[in-house]
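# Observations on the model geometry
The residues making up each chain are set out below.
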Amino acid sequence: MKNQRKVLGEERREMLLQLLKDKGEPITGSELAAITNVSRQVIVGDITLLKAKGEPIIATSQGYMFLIQNGSQAPMVERIIASNHSPERTEEELNLLVDYGVTVKDVRIEHPVYGDLTASVMVSSRKEVSQFMEKIKSTNASYLSELTGGIHLHTISAATKEKLDEAEKALKLANLLVE
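On a predicted model such as this, the values are computed, not experimentally measured, just so you know.

Cut-offs applied
Within any chain, residue numbers begin from 1 and follow the written order of that chain's sequence. The model is predicted, so local features are restricted to residues of pLDDT at least 70 and side-chain atom pairs to those at 80 or more, both for listing and for counting; the totals for chains, interfaces and linings are taken over all residues. To get the side-chain values, take all heavy atoms of the structure and skip hydrogens and water. UniProt positions are given in the numbering used here, feature names are shortened, and annotations may be inferred rather than shown by experiment. By definition, any uninterrupted DSSP run of H or I lasting at least four residues is a helix, any uninterrupted run of E lasting at least two residues is a strand, and each is numbered from the N terminus. Axis lines are fitted through C-alpha atoms, for helices just across the contact stretch, and the angle between N-to-C directions can take any value from 0 to 180 degrees. Angle categories: roughly parallel below 35 degrees, roughly antiparallel above 145, roughly perpendicular from 65 to 115, and oblique for all the rest. Rotating anticlockwise by less than a right angle from the far helix to the near helix defines a left-handed crossing, while the corresponding clockwise rotation defines a right-handed one. Working rule for contacts: check all heavy atoms of both residues, and any pair within 4.5 Å makes them a contact. Polar here means any residue other than Ala, Val, Leu, Ile, Met, Phe, Trp, Tyr, Cys and Pro, which are nonpolar, and Asp, Glu, Lys and Arg, which are charged; Gly is therefore polar. For two strands to be treated as a pair, DSSP must find at least two bridges joining them. All domain edges in this entry derive from an automatic or database-based domain assignment. Buried surface area refers to the total accessible area, computed with a probe of radius 1.4 Å, that the two partners give up upon joining, counted for both partners together. In the sections that follow, a salt bridge refers to a side-chain nitrogen of Lys or Arg positioned within 4 Å of a carboxyl oxygen of Asp or Glu. Here a polar contact is taken to be a pair of N or O atoms separated by no more than 3.5 Å, where protein atoms must pair a possible hydrogen donor with a possible acceptor and residues adjacent in sequence count only if both atoms sit in side chains. Here's how the labels work: a residue is buried when its accessible area is under 20% of the maximum for its type, exposed when over 50%, partly exposed in between, all with a 1.4 Å probe on protein chains only.

This part covers the UniProt feature "domain: 3H" (unreviewed entry) in the protein chain. UniProt marks residues 81-177 with the feature "domain: 3H" (unreviewed entry), using the numbering shown here. Overall, residues 81-177 shows 38% helix and 31% strand. The separation of its end C-alpha atoms is 8 Å.

Dropping the structure here:
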């Protein structure tokens, strides 16, 4: 699917937007760069420009993703939960949530200097959790929750309130929630 020619400016941004809309799942910056025959850094700039124009694009650990709005996707129920655990229990927490049909959209902490810090997570399957964990390990990155002694928030979403309730109950039983 790689182009022989370098796709320029606005044409490239329109192409990126259409690719993200059509795919419906994350695409890495490197993949987008290969398709448009530009550098990954050019893609980062293009995505920033598209976001500035109000396009609902997010960066996840698996790549860039277009958030479907008022389209074919059923409305989701959202909730914010407060978790507290060591870094070693992160994979357990995420797997528990996705096993109940829940998407973990983000992680948020309240930093004493910087205020609220939020990072996209966007995992909804064990495969995506595994990819997220591998990315953390391969980059030797720290978890945001390490800055707050394990306390953090997640925005979670599911098709029904009952799924969120079940997942939250399971987290509580696993002693992963703030009490």
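The rest of the description comes next.
Here we come to the packing of helix α1 (residues 9-23) against helix α2 (residues 29-36). Where α1 contacts α2, the axes come no closer than 11 Å and their chain directions differ by 130 degrees. In terms of orientation, α1 lies oblique with respect to α2. Taken as a pair, α1 and α2 cross one another with a handedness that is right-handed. Here R12, M15, L16, L19 and L20 of α1 lie close against α2, whose contacting residues are L32, I35 and T36. Partitioning the contact of α1 with α2 into residue classes produces 6 nonpolar, 1 polar and 1 charged.

Before going further, it helps to spend a moment on the sheet that holds strand β3 (residues 77-84). Spatially, 4 strands are ordered β3-β6-β4-β5 in an open sheet, and the strand pairing comes out antiparallel. A single partner strand is all that each edge strand has here, and the edge strands are β3 and β5 (115-123). Across the sheet, the mean angle separating the axes of adjacent strands is 25 degrees when strand polarity is ignored. By the bridge criterion, 5 bridges tie strand β4 (residues 103-111) to strand β6 (residues 151-158) in an arrangement that is antiparallel. The residue bridging V104 from the neighbouring strand is I156, located in β6.

Further remarks concern the domain arrangement of the protein chain. Quoted interface sizes are often the accessible area lost when the parts come together. Domain boundaries in the protein chain define domain 1 (9-66) and domain 2 (77-174). Each of domain 1 and domain 2 was reduced to a C-alpha centroid, and the two centroids are 25 Å apart. Taken together, the 6 residues of domain 1 in the interface contact 8 residues of domain 2. A combined buried area of about 520 Å² lies between domain 1 and domain 2, and 56% of that area is made up of carbon and sulfur atoms. Summed over the shared surface of domain 1 and domain 2, the number is 0 salt bridges. Across the contact surface, domain 1 and domain 2 share 0 residue pairs in polar contact (both at pLDDT 80 or more). By residue number, the principal contributor to the side of domain 1 that touches domain 2 is strand β1 (residues 57-60), which donates 3 residues. Here the side of domain 1 that touches domain 2 is built from residues that sort into 3 nonpolar, 3 polar and no charged.

Turning next to the pairing of strand β2 (residues 63-66). The side chains of a regular strand alternate between the sheet's two faces. Looking at chain direction, β1 and β2 are connected through 4 bridges and run antiparallel. Of the residues in β2, the one forming a bridge with I58 is M65. In textbook terms, the turn of a hairpin is the stretch between consecutive antiparallel strands, and for β1 and β2 this stretch comprises 2 residues.

A few words now on the side chain of H154. Counting through the fold element by element, H154 comes out in strand β6. Separated by 3.2 Å, the side chains of H154 and E93 make a polar contact. Only 3.2 Å separates the side chain of H154 from the side chain of H152, close enough to count as a polar contact. Those residues in contact with H154, other than ones at most four positions away along the chain, are R79, I80, I81, S83, E93, V104, D106 and V107.

Mapped onto the elements, A158 comes out in strand β6. We classify A158 as buried; its relative accessible area is 0%.

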